[in-house]
Amino acid sequence: MSAPSGGGASRDGYGAALLEMLDDDKVVVLEADLGKSTKSCLFRAEKPSHTVSLGIAEQNMMLVAAGMSTSGYVPFASTFAIFTERGFEQVRNGIARPNIVVHLCGSHGGIHTGTDGSSAQSIEDLAIYRTLPNMTVLHPCDDVSAKALTLALRNHDRPSYMRTARNKVPRSYSDESSNELKIGKGYVHRTGDDVAIIACGVMVNEALEAAEMLAKSGIQATVVDMHTIKPLDTNLVTELAKRCGALVTAEDHSIIGGLGGAVAECLVSHYPVPLERIGVQDRFGESGGSDELLEMLNMKAKNIADAAQRAISRT
Amino acid sequence: MGLEIPELESMAKRCRRNIVRMVYGIGAGHPGGSLSAIDMLTGLYGHRLRVDSDNPKWSDRDRFIMSKGHASPGVYSILHERGFLTEDDLASFRKLGGSCQGHVDMKWCPGVDFSAGSLGMGLSFGIGCSLAAKLDGSDRTSWVMLGDGELQEGQVWEGVMSAVHHEIDNLTVIVDRNGIQNDDFCETQMRMFDVSEKFASFGWAVMEIDGHDMAQVVDAIDWADQVKGGPACIVMHTVKGKGVSYMENNPKFHGAAPNEEQFILAMEELS
């Protein structure tokens, strides 16, 4: 993928991956009027015969996708993350329960979405989809990794939810490193033994910055991109708990039930160590710039670095 | 299968007996909407649907989607007639590990194409099946049965709109207009007005029939097959609990089993 200097938004990676699947006549793309935003429009422009417009009607889209899947197709359906939630019960009862392979993409997730305000900022999607048996839940951090993970879904044998983000962030992956990505395996960007920061989505970049800050204070941090929230890479989390003894999670999502919740559950069951959770602290967002909101909600790199110090101090 | 009308009528009567047996056997289930739907189910499976009990997952089979999934005894009884299910399967209704789950479930029961139970979802699934058939260049078709109370779910109308937009003419919806839902008569819960007019206003071809007249049932199925350029809707006027005197048009038997005395009476009436 050619790299615009300003980095990449994960939604662009989703659109780019769909274009890579144009030759596969079993791949179908479903839209609910937001193809220009989720980037499925790129596929539609090239292959309208395999693109289904369902209008502003998400519940219907979910199960049209399910019907196509049971007829031999591999559906990639997208809308905004928040609007997928309108079809949650359809996903629960009509997709996850019968384990029908539908790949659902919710774009514009998190408060990073910005000026649209709280109605558009899904901060609970990862949590709710994670509760469903059979579901795989992904949240890549940039366009390069989003492309790689979307392509990996082509042959994934379970239904999935992937959250993408609206805005560009500095890239954490090259084309080469993204080839190493595997669904269900966290990617270690940086290794240190004092604390581990486990992040997803746009917060991976903040976590890498935090690690730089900590290094200046003599604290060596491991940074993991936990792009797969479910199934969680519990082997890696447990190993980090044993090696570092203190963990921080960082997500553009409620601290309840998402990455922080998943890591907490894992630690409690396998190897309890101090954990600090950076994310949205049980409140809704509001209109503002992405960085302004991260600042206001104490989700910037410096907040992650402070949380790392707190976690270490609790050991 | 192409059975004659008297054979279909006999088959429907056998199904009615099995519906009541299943519900009585476990002391739970939904007899009313199974009995209202069973003549159409018999017409579909006995006269029209291209399915194969030796190969239930045959990719080019016609799809039948029972969106009102609580009417599962009706589906199980007709699948039994077509060789998908044994007597033992029917006896497993609502029991732990049984193929006949409380609501129809494709993961548990051969011949079931959609896991229903939550109302309003089946039409969307049927649209997906029909779109896939068109992409495949196949002549297979999808048939979706909705309850009339189910039409209160908003998702139904999302599907109704999209089926016309995509000119899906390998799809037929059958509305079981029995006039009763869980709590009471539909008219007291949410007035329905003219169901046919609603579908027609969205651009569907619509035919109204008496859903207990087997000749009309078969004619309507044949009519739906001939509709081109868009989807077809059969609104069938039915009686909830049809065939069992005390269940007929009685909201109490939407989701309740007969007691022993009532069971014996039902078996006499359906003999």
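Residues numbered from 1 in each chain as written. Chains lettered and ligands numbered in written order. Predicted model: local features only at pLDDT ≥ 70, side-chain atom pairs only at ≥ 80, totals over all residues.

Observations regarding the overall build of chain A
Formally: Only DSSP runs of H or I with at least four residues qualify as helices, and only runs of E with at least two residues qualify as strands; both kinds are numbered from the N terminus onward. When we talk radius of gyration, it's over C-alpha atoms, and the globule rule is simply 2.2 Å times the number of residues to the 0.38. Any residue with 12 or fewer other C-beta atoms within 10 Å of its own C-beta is exposed, any with 20 or more is buried, and the rest are partly exposed; the C-beta atoms used are placed from the backbone. Whether two residues are in contact depends on their C-beta atoms, placed from the backbone: they are in contact if these lie within 7 Å.
If you tally the helices and strands in chain A, you get 14 helices and twelve strands. Radius of gyration (C-alpha) of chain A: 18 Å, near the 20 Å computed for a compact globule of 315 residues. Here the C-alpha coordinates of chain A stretch approximately 55 × 40 × 40 Å along the principal axes. For chain A, buried positions account for 58% of its 315 residues. For chain A, long-range pairs separated by at least 24 residues make up 80% of all intrachain contacts whose partners lie at least 6 apart in sequence.

Re helix H10 (residues 203-216) of chain A
Within an α-helix, residues lying three or four positions from one another point in the same direction, as the helix has 3.6 residues per turn. Residue and element names in this part refer to chain A. Short version of the rule: Helix span, as expected, comes to 1.5 Å for every residue beyond the first.
The end-to-end C-alpha distance of H10 is 20 Å, a good match for the 20 Å that 14 residues give at a rise of 1.5 Å each. Inspection of H10 places Met-203, Val-204, Asn-205, Glu-206, Ala-207, Leu-208, Ala-210, Ala-211 and Leu-214 among the buried residues, and these make up the whole buried set. Each element contacted by the buried residues of H10 is listed here: strand S7 (187-190), strand S8 (195-199), strand S9 (221-225), strand S11 (247-254) and helix H14 (301-313). Downstream of H10 by one or two residues, Gly-218 has phi in the positive range, about 85°.

Re the domain arrangement of chain A
Residues and elements named next belong to chain A. Keep this limit in mind: For every domain, the bounds stem from an assignment made automatically or drawn from a database. Each residue gets one of three labels, nonpolar for Ala, Val, Leu, Ile, Met, Phe, Trp, Tyr, Cys and Pro, charged for Asp, Glu, Lys and Arg, and polar for the others, Gly among them.
Under the domain assignment used here, chain A contains domain 1 (10-163) and domain 2 (182-313). Relative to domain 2, the C-alpha centre of domain 1 lies at a distance of 25 Å. Across the contact, 25 residues belong to domain 1 and 31 residues belong to domain 2. Elements represented by at least two residues in the side of domain 1 that touches domain 2 include exactly helix H7 (125-130), strand S5 (136-138) and helix H8 (143-153). Residue composition of the side of domain 1 that touches domain 2, grouped by class: eleven nonpolar, eleven polar and three charged.

Here's the deal with the confidence of the model for chain B
Detailed reading of the predicted coordinates is not advisable wherever pLDDT falls low. The condition is simple: pLDDT runs from 0 to 100 and stands for how confident the predictor is about each residue.
Scored by pLDDT, chain B has a mean of 97; 100% of the residues are at 70 or more. Across the assembled chains, the prediction reports ipTM 0.96 with pTM 0.96.

A short note on the interface of chain A and chain B
Contacts between chain A and chain B engage 21 residues on the former and 21 residues on the latter. Elements with a contribution of two residues or more to the side of chain A that touches chain B: helix H4 (58-69) and helix H6 (88-96) of chain A. For the side of chain A that touches chain B, the element with the most residues is H4(A), which contributes eight residues. The residue makeup of the side of chain A that touches chain B, split by class, is ten nonpolar, nine polar and two charged.

Structural notes on the pairing of strand S5 (residues 232-237) of chain B
Note the following rule: When the strands point away from the viewer and the connection leading from the first strand across the helix to the second strand turns clockwise, the crossover is called right-handed.
Judged by how many residues are buried, S5(B) sits mostly within the fold: five of six residues are covered. A crossover connection joins strand S4 (residues 205-210) of chain B to the parallel S5(B) through helix H9 (residues 214-226) of chain B; in handedness this β-α-β unit is right-handed.

A look at the sheet that holds S11(A)
Residue and element names in this part refer to chain A. Going by this rule: Strands pair, by our definition, only if DSSP identifies at least two bridges between them. For every element, the axis is a line fit to its C-alpha atoms; helices are fit only across the contacting stretch, and the angle between N-to-C directions ranges from 0 to 180 degrees.
Ordered in space as S7-S9-S8-S11-S12, the five strands form an open sheet in which the pairing is mixed. Lying at the two open borders of the sheet, with one neighbouring strand each, are S7 and strand S12 (275-280). For this sheet, the mean inter-axis angle between neighbouring strands, taken without regard to orientation, is 25°. The pairing of S7 with S9 spans three bridges and is classified as antiparallel. Opposite Tyr-187, over in S9, you have Asp-225 as the bridge partner.

Description of the sheet that holds strand S10 (residues 228-230) of chain A
Residues and elements named next belong to chain A. One open sheet accounts for seven strands, arranged S2-S1-S3-S4-S6-S5-S10; its pairing is mixed. For this open sheet the edge positions go to strand S2 (51-53) and S10, each flanked by a neighbour on one side alone. For this sheet, the mean inter-axis angle between neighbouring strands, taken without regard to orientation, is 20°. Relative to strand S3 (residues 74-80), strand S1 (residues 27-31) runs parallel, the two sharing five bridges. Its bridge partner being in S3, Val-29 is matched across the sheet by Phe-76.

Some points on the nonpolar core
Selection rule: Nonpolar cores are identified as sets of buried Ala, Val, Leu, Ile, Met, Phe, Trp, Tyr and Cys residues joined via C-beta atoms within 7 Å.
Core analysis: the biggest nonpolar cluster contains 182 residues, and Ile197(A), Ala199(A), Ala207(A), Leu247(A), Ile304(A) and Ala308(A) have the highest contact counts within it. Among the elements that line this core, the one with the most residues is helix H1 (residues 5-26) of chain B, at nine residues. Residues from two domains meet in this core; each of domain 1 (10-163) and domain 2 (182-313) of chain A gives at least three. Setting aside residues up to four positions removed in sequence, Ala199(A) forms contacts with Val204(A), Ala207(A), Val223(A), Val224(A), Asp225(A), Met226(A), Ala250(A) and Glu251(A).

Some points on the pairing of S11(A)
Residue and element names in this part refer to chain A. Counted residue by residue, S11 has eight buried out of eight residues, so it is predominantly covered. Looking at chain direction, S8 and S11 are connected through four bridges and run parallel. Across the sheet, Ile-198 pairs through a bridge with Thr-249, a residue of S11. Where S11 and S12 come together, five bridges link them in parallel fashion.

Notes on H8(A)
All names here are of chain A. Summarising burial for H8: nine of the eleven residues are buried, a large majority. Within the sequence span of H8, burial applies to Asp-143, Val-144, Ser-145, Ala-146, Lys-147, Ala-148, Leu-149, Thr-150 and Leu-153. The elements touched by buried residues of H8 are helix H1 (10-20), strand S4 (103-107), S5, strand S6 (160-163) and helix H9 (175-178).

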